[in-house]
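Descriptive analysis of the structure
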Amino acid sequence: MSGNSIGKLFTLTTFGESHGPALGCIIDGCPPGIEISEADLQVELDRRKPGTSRHTTQRREADEVRILSGVFEGRTTGTSIGLLIENTDQRSKDYGNIKDTFRPAHADYTYSQKYGIRDYRGGGRSSARETAMRVAAGAVAKKVLAGMGVQVRGYLSQLGPVKVDMARFDWNVVNTNPFFSPDAEVVAEMETYMDALRKEGNSVGARINVVASGVPVGLGEPIFDRLDAELAHSLMSINAVKGVEIGDGFDVVAQKGTEHRDEMAPEGFLSNHAGGILGGISTGQDILASIALKPTSSLRLPGKSINAQGEPIEVVTKGRHDPCVGIRATPIAEAMVAITLLDHLLRDRAQNGDVERQVPELR
């Protein structure tokens, strides 16, 4: 299967299935001399791992990462970095009843039609379990970016109909609750909503926002490799993502030019409707990206579908699933933004060296 790699200078290739023996990845192009340890990666993986609250899948995976190569005496060597996470809590028997059927809104049908074979155990390669390696690689990218003054952070801004009150926004709250909400007061409402949703046996979507600060001006290419295009590519590659917005996104439809344009003054930009990117190139302002994740498609509520013979059937999915995949998606979205930004930062350095750029103080 092709399409398992992303990036040009900082590249990531992942492998493994939901119910296989392990997940792994190869990172290439990481600069040498970066202090990195398994503990550094584990911090990010613990934010994503399953079973951390009653609102996520109860599959129990420690997601303990091992560094197999590319690090010597606590520092990257400049060679390829190999990472591995063993699967320890698979229950493949839960999926035996769907091996010859197609779950609605899942990848079962398309994988089967494209390859003529599919791993039906937990979705195989199409499972969100694959994203564990993205988070591990993202932790490496974050460490390199931090040394360059770039910080990538995300938060959940909407869970189904429940929205965060941005007037109560606090970054310090994000990692203190299971939803990655920056609004402490809305957490109880989210808890109540999810409890009712689980009892119903249903699922719901979510919106995640990512903010990258300290990004230098000049990252990105003007045509096909625009920074916003490649961010959209990397974010859209996350399981269940059906929409990506940069800056004001689809809100621009109702805006007039006088409202949307980010005017400039000697002291810098006066607004950031563009999300920190103009003409595919970073402006030096915060990069603002949002993703919309669809409701989980694996449900214990009956749904109409067909089997491998094309006959009509009723599908009920057993097993352990997230009633809202968006709850654990914040560290995944952060990882993909970090990986993409580091790749472009290295590409910019390779093309332009230490070009001195005169930019005003941005805000």
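Everything that follows concerns the structure shown earlier in this document.
Below you will find a few notes about this structure. Everything numeric in this text was worked out from a predicted model, so none of it was measured. (Residues numbered from 1 in each chain as written. Predicted model: local features only at pLDDT ≥ 70, side-chain atom pairs only at ≥ 80, totals over all residues. Heavy atoms only, no water.)

Below, the discussion takes up the overall build of the protein chain. Along its length, the protein chain carries seven helices and 18 strands. Radius of gyration (C-alpha) of the protein chain: 21 Å, near the 21 Å computed for a compact globule of 363 residues. Its C-alpha atoms put the protein chain at 65 × 50 × 40 Å along the principal axes. For the protein chain, with 363 residues in total, the buried portion stands at 50%. Within the protein chain, contacts between residues at least 6 apart in sequence are counted, and of these 71% link residues at least 24 apart. A total of about 17,000 Å² of accessible surface is found on the protein chain, and carbon and sulfur atoms cover 52% of it. (Helix = DSSP H or I, 4+ residues; strand = E, 2+ residues; numbered from the N terminus. Rg over C-alpha atoms; globule rule 2.2 N^0.38 Å. Buried < 20%, exposed > 50% of the residue type's maximum accessible area, 1.4 Å probe, protein only. Contact = heavy atoms within 4.5 Å. Areas by Shrake-Rupley, 256 points an atom, 1.4 Å probe, with all protein chains shown as cover.)

A word on the packing of aromatic side chains. Under the criterion given, the structure shown has five aromatic pairs. A ring pair is formed by phenylalanine 102 and tyrosine 109, whose centres lie 5.5 Å apart and whose planes are at 85 degrees; its orientation type is edge-to-face. You can call phenylalanine 102 buried: its relative accessible area is 7%. A ring pair is formed by tyrosine 155 and phenylalanine 169, whose centres lie 4.9 Å apart and whose planes are at 80 degrees; its orientation type is edge-to-face. (Phe/Tyr/Trp six-rings, centres within 6.5 Å; stacked < 30°, edge-to-face > 60°.)

Right, let's get into the pairing of strand β16 (residues 287-293). Counting buried positions along β16 yields five of seven residues, so the element is predominantly enclosed. Note: strand β10 (residues 206-213) against β16, seven bridges, orientation antiparallel. Its bridge partner being in β16, isoleucine 208 is matched across the sheet by isoleucine 291. Where strand β11 (residues 241-246) meets β16, five bridges bridge the pair, whose relative direction is antiparallel. (Pairing = 2+ DSSP bridges.)

With that out of the way, let us pick up the pattern of salt bridges. According to the stated counting rule, one finds 23 salt bridges in the structure shown. Linking glutamate 35 and arginine 75 is a salt bridge whose minimum nitrogen-to-oxygen distance equals 2.9 Å. Of the two residues, glutamate 35 is situated in the loop between β3 (22-28) and α1 (38-48) and arginine 75 in strand β6 (residues 75-76); the sequence distance between them amounts to 40 residues. In this structure, aspartate 225 and arginine 347 form a salt bridge, with 3.0 Å as the shortest nitrogen-oxygen distance. Here aspartate 225, found in the loop between β10 and α5 (227-236), pairs with arginine 347, found in helix α7 (residues 330-352); they are 122 residues apart in sequence, far enough to count as distant. Neither residue differs from the other here; aspartate 225 and arginine 347 are each classed as buried. The network of salt bridges with common partners includes Lys8, Asp225, Glu230, Asp343 and Arg347. (Salt bridge = Lys/Arg side-chain N within 4 Å of Asp/Glu carboxyl O.)

Taking strand neighbours across the sheet as the criterion, the five strands line up as β1-β2-β3-β7-β4 in an open arrangement whose pairing is antiparallel. Strand pairing shows two members of the sheet lacking a second neighbour, β1 (5-6) and β4 (65-69), which therefore form its edges. Pairing of strand β2 (residues 11-16) with β3 involves six bridges; the strand directions are antiparallel. The residue bridging phenylalanine 15 from the neighbouring strand is glycine 24, located in β3. Sheet strands in contact with helix α3 (residues 131-146) are β2, β3 and β7 (81-86), and its direction is about 140 degrees off that of β7. (Axes fitted to C-alpha atoms, helices over the stretch in contact; angles between N-to-C directions.)

In short, geometric facts, not functional conclusions.
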